[in-house]
Amino acid sequence: MPVPLHAIAYVSSATHLLDSGELEELLTDSREFNVTQGVTGVLLYVDGCFMQCIEGPMEGVAKVYQRIKEASRHRGLIELLNQPVKRRAFPDWHMGCGSNAQSEMLNDATELWERMLSSTRDVDDAVPGLLLLRAFWKESRAARAKRAVARA
């Protein structure tokens, strides 16, 4: 019998703008811990804002989420989604960074995230975490482009 799956999505603000080294450390640490809990998901970071969706067995998701809530890199966590899901939207772990990072690791991670978005363009409403992440990514990228035009 398959293990029931659960998903949690949230937004939060970084306590300071993270540099490439800090983001790499966060990505590596998250991947390593989450795999031990059977949890997958996506972490997006744009201009000091985080949005994350995690999914997996209820117990694993609860442990990862507790760790997230206790993390010192962010504050103002707002939970957007906390519910059972029928299937995983993110069978692998992804991270997207909204700026051109000075890091091959982060640029590769962002490229993989954007490829995943393209391959799931026609996602149905059964994957609410993906819909939230897609909207956050689209809006934050549009805002960055608008600011860049205004500066030019």
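The structure contained in this document is the topic of the report that follows. Bear in mind the structure is a predicted one, so any value in this text is a computation, not a measurement.

## Regarding the packing of aromatic side chains
Two numbers describe a pair of aromatic rings. These are the distance of the centres and the angle of the planes.
Part 1 of the argument: Scanning all chains against the criterion turns up 2 aromatic pairs.
Part 2 of the argument: Geometrically, the ring pair formed by Tyr 10 and Tyr 65 is tilted, given 6.3 Å between the ring centres and 45 degrees between the ring planes. Of this pair, Tyr 10 sits in strand 1 (residues 5-14) while Tyr 65 sits in helix 2 (residues 58-70); the two residues are 55 residues apart in sequence, bridging distant segments of the chain.
Part 3 of the argument: Overall, the relative accessible area of 4% leaves Tyr 10 in the buried class.
Part 4 of the argument: Judged by centre distance (5.0 Å) and plane angle (50 degrees), the rings of Tyr 45 and Phe 50 are tilted.
Part 5 of the argument: Taking relative accessible area as the criterion, Tyr 45 reaches 5% and is therefore assigned buried.
Part 6 of the argument: A residue is classified by how much of its surface remains accessible, and Phe 50, at 3% relative accessible area, is buried.
Part 7 of the argument: Stacked on the ring of Phe 33, the Lys or Arg Arg 67 has its end atom at 4.3 Å from the ring centre.

## Structural notes on helix 1 (residues 20-37)
Part 1 of the argument: Across its 18 residues, helix 1 extends 26 Å between first and last C-alpha, which sits within 8% of the 26 Å expected from 1.5 Å per residue.
Part 2 of the argument: Listed as buried for helix 1 are Ser 20, Leu 23, Leu 26, Leu 27, Ser 30, Asn 34 and Gln 37. Down the axis of helix 1, the sector holding all buried residues measures 125 degrees, keeping them to one side. Within helix 1, the exposed residues directed more than 90 degrees away from the buried face are Glu 25, Glu 32, Val 35 and Thr 36.
Part 3 of the argument: Where helix 1 starts, the residue carrying a side-chain oxygen 3.1 Å from the main-chain nitrogen of Gly 21 turns out to be Asp 19.
Part 4 of the argument: Gly 38 sits one or two positions beyond helix 1 and adopts a positive phi of about 75 degrees.

## So, the nonpolar core
Part 1 of the argument: By size, the foremost hydrophobic cluster in this structure holds 19 residues, and its most contacted members are Leu 43, Tyr 45, Phe 50 and Ile 54.
Part 2 of the argument: Of all elements in the fold, only strand 1, helix 1, strand 2 (40-46), strand 3 (49-57), helix 2 and helix 3 (104-119) reach the threshold of two or more residues within this core.
Part 3 of the argument: Ranked by residue count, the leading element in this core is helix 2, at 4 residues.
Part 4 of the argument: One finds Leu 81, Leu 130, Leu 133 and Phe 136 within the second-largest nonpolar core, a separate group that totals 18 residues.

## A closer look at the packing of helix 1 against helix 2
Part 1 of the argument: It is at 9 Å that the axes of helix 1 and helix 2 come closest, and there the two elements cross at 150 degrees. Here helix 1 is positioned roughly antiparallel relative to helix 2, judged by the angle of their axes. Of the two elements, helix 1 crosses helix 2, and the hand of that crossing is right-handed. Within the contact between the two elements, helix 1 uses Asp 29, Phe 33, Asn 34 and Gln 37 and helix 2 uses Gly 60, Lys 63, Val 64 and Arg 67.

## Side note on the pairing of strand 1
Part 1 of the argument: Of all 10 residues making up strand 1, 8 are buried, and the element is well covered by its neighbours.
Part 2 of the argument: Pairing geometry for strand 1 and strand 3, over 9 bridges, is antiparallel. The residue bridging Tyr 10 from the neighbouring strand is Gln 52, located in strand 3.
Part 3 of the argument: Of the strand pairs in this sheet, strand 1 and strand 4 (residues 74-85) are connected by 9 bridges, and their pairing is antiparallel.

Cut-off values and rules
- Here the residue numbers are simple positions, counted from 1 along each chain's written sequence.
- Since the coordinates come from a predicted model, pLDDT governs what is reported: local features require at least 70, and pairs of side-chain atoms require 80 or more to be given and counted, while whole-chain, interface and lining totals use all residues.
- Here the side-chain values reflect all heavy atoms present in the structure, with hydrogen atoms and water set aside.
- Aromatic rings from Phe, Tyr and Trp, taking only the six-membered ring of Trp, are treated as a pair when their centres fall within 6.5 Å; an angle between ring planes under 30 degrees marks them as stacked, one over 60 as edge-to-face, and anything in between as tilted.
- Here a strand is any run of E in DSSP of at least two residues, a helix any run of H or I of at least four, and the numbering for each starts at the N terminus.
- Relative accessible area decides the class of each residue, using a 1.4 Å probe on protein chains only: under 20% of the type maximum gives buried, over 50% gives exposed, and in between gives partly exposed.
- Only when the NZ atom of a Lys or the CZ atom of an Arg is both within 6 Å of the ring centre and within 35 degrees of the ring normal do we say a charge sits over the ring.
- Every helix has an expected span of 1.5 Å times one less than the residues it contains.
- As used here, the arc is the angular range of directions from the helix axis to the C-beta atoms.
- Any pair of N or O atoms that falls within 3.5 Å is considered a polar contact. Within protein, one atom must be able to donate a hydrogen and the other to accept it, and sequence-neighbouring residues count only if both atoms are side-chain atoms.
- Only buried Ala, Val, Leu, Ile, Met, Phe, Trp, Tyr and Cys residues count toward a nonpolar core, and they belong to the same one when joined by side-chain atoms within 4.5 Å.
- Angles here are taken between N-to-C directions and fall from 0 to 180 degrees, while the axes themselves are lines fitted to C-alpha atoms, restricted in helices to the stretch in contact.
- Relative orientations are named as follows: roughly parallel for angles under 35 degrees, roughly antiparallel for angles over 145 degrees, roughly perpendicular for angles from 65 to 115 degrees, and oblique for any other angle.
- For any pair of crossing helices, the crossing counts as left-handed if the nearer helix is rotated counterclockwise from the farther one by less than a right angle, and right-handed if it is rotated clockwise.
- Only heavy atoms matter for contacts: two residues are in contact if any of them lie within 4.5 Å across the pair.
- Here, a strand pair is defined by DSSP locating no fewer than two bridges between the strands.

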